[in-house]
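Chain by chain, the residues:
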Amino acid sequence: MMKVSSLDLKRQYESIREEINKAVLEVIASQSFVLGPFVESFEYKIANFCCVKHAIGVSSGTDAILLALMACGVKNGDEVITTPFTFFATAGSIARLGAIPVFVDIDPSTYNIDVGKIVPAINKKTKAILPVHLYGQCADMDVILEIARKYGLVVIEDAAQAIGALYKGKHAGSLGDIGCFSFYPTKNLGGYGDGGLVATNNDKLAEFIKILRVHGSKPKYYHSYIGINGRLDAIQSAILSVKFKYLDGWSEKRRRVAAYYNEHLSGLPIRLPKIESHNTHIFHQYVIATPNRDALMKYLGSQGIETIIYYPLSLHLQRCFEYLGYKEGDLPESERASNETLALPIFPEITQKEQDYVIDHIKNFISKR
Ligand SMILES: *Cc1c(COP(=O)(O)O)cnc(C)c1O
């Protein structure tokens, strides 16, 4: 039996081992570990890549979102409109500030926030819209930005899964007031530990975030604000700078892997990812959907194929958010997605033989039913 894992980071490391090891040793030799020149040089690369004025390295994707919300003045009692079908950090960061996540259902074809449902969720307490570019495909930003302009709201993009994704030719994370990235090891651009970044074209917000990331102090030991310890490490930055050179190539390979799945899974009774024509998808995940999801996952697992459910419980139904008062059935598309979606193995180094093995076993499963 073949084994196909959902992600194999060891293959990637093997392909860049010498460069990575050298970069890490260089940081150790410098004995400059937190912020500093390695971080600045990485920030500069990402700012250029995303075509934004400011890129600010921070401690994680979660802290990127937290700092973005703090910089926009989101506070106790404010409402922030977001999607319930995302990683916990999106809504967790809102709630940690005492603000209220207001969940709007998703578009079942892309799994991104349904922009047609945003306006009815706006009221006097609404401060911001926080769309997520799920699985590496941008939410419908033109509509979101137009709504935000009309109602005077801030737009913070959760681009944790979308570095390099394009919306009408523009980079994910560069479209709203602030964009948030994650360099968690499994992300398309992953470090060897936690890391994140905030992107913005707004000089004032950038300055504020830089202060907030060092406990709200400027100059050092003088605190005008209550910030956090939100700094990015030099070792992560040096590793990410090496990996960044390969990002476009890796994204292209992911698109090819996705196209191969599309070609060979089309015509089967499962729903395949839909790419909006104005989007360039980077396929952080390749997600299919079927009402027989659990049985399919079990069967694939028995054949050595690892698949993952992102996400098994919609955020509005999480126990920690009980106080928000949602109940089952409130956001049916998100709930259905959490019951029916399954992420297939995808990473730049996956072989065609491995993909064929996955495809054959999906076909086996379907023909047996
Ligand atoms: C990974 C992720 C985050 C959080 O990033 P961390 O670096 O793990 O803190 C936030 N939002 C989404 C959608 C993510 O996928």
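To be clear, the structure that these remarks concern was listed above.
Reading the values: rules and limits
Residues numbered from 1 in each chain as written. Predicted model: local features only at pLDDT ≥ 70, side-chain atom pairs only at ≥ 80, totals over all residues. Heavy atoms only, no water. Patch = residues over 30% accessible without salt bridge, like charges linked within 9 Å, V, L, I, M, F, W, Y side chains within 5 Å. Areas by Shrake-Rupley, 256 points an atom, 1.4 Å probe, with all protein chains shown as cover. Salt bridge = Lys/Arg side-chain N within 4 Å of Asp/Glu carboxyl O. Helix = DSSP H or I, 4+ residues; strand = E, 2+ residues; numbered from the N terminus. Buried < 20%, exposed > 50% of the residue type's maximum accessible area, 1.4 Å probe, protein only. Pairing = 2+ DSSP bridges. Axes fitted to C-alpha atoms, helices over the stretch in contact; angles between N-to-C directions. Contact = heavy atoms within 4.5 Å.

S.K.: Please explain a nonpolar patch on the surface as it appears in this structure.
M.R.: A surface patch of nonpolar side chains, amounting to about 340 Å² of accessible area, comprises Leu-25, Ile-28, Phe-33 and Val-34. Among the secondary structure elements, Ile-28 is positioned in helix H1 (residues 9-30).

S.K.: Honestly, the pattern of salt bridges in this entry has me stumped. Any pointers?
M.R.: It is possible for side chains of opposite charge to pair when their charged atoms get near one another. Throughout the structure, instances matching the rule amount to 17 salt bridges. For Lys-53, the salt bridge identified is with Asp-203, shortest N-O distance 2.8 Å. Of the two residues, Lys-53 sits in the loop between helix H2 (37-50) and strand S1 (54-58) while Asp-203 sits in helix H6 (residues 203-212), which places them 150 residues apart along the sequence. Among the residues examined, Lys-53 registers a relative accessible area of 52% and is labelled exposed. Its relative accessible area of 42% is what places Asp-203 among the partly exposed residues. Residue Arg-336 pairs with Glu-333 through a salt bridge whose shortest N-O separation is 3.5 Å. On the criterion of helical spacing, the pair formed by Arg-336 and Glu-333 is a turn pair, its members being 3 residues apart in helix H10 (residues 332-340). A relative accessible area of 34% places Arg-336 in the partly exposed class.

S.K.: How should I be thinking about the sheet that holds strand S9 (residues 196-200) in this particular structure?
M.R.: Each strand in a sheet pairs with its neighbour through backbone hydrogen bonds, running either in the same direction (parallel) or in the opposite one (antiparallel). Pairing is mixed in the open sheet, where 7 strands are placed in the order S1-S9-S8-S5-S4-S2-S3. A single partner strand is all that each edge strand has here, and the edge strands are S1 and strand S3 (100-103). Neighbouring strand axes in the sheet, compared pairwise and without regard to direction, differ in orientation by 25 degrees on average. Across 2 bridges, strand S4 (residues 126-130) lies against strand S5 (residues 154-158) in parallel orientation. Bridging across to S5, Ala-128 finds its partner in Val-154. Packed on one face of the sheet, helix H5 (residues 141-151) meets S4 and S5 and runs near 150 degrees to S5.

Everything listed here is a matter of coordinates, which is why it stays silent on function.
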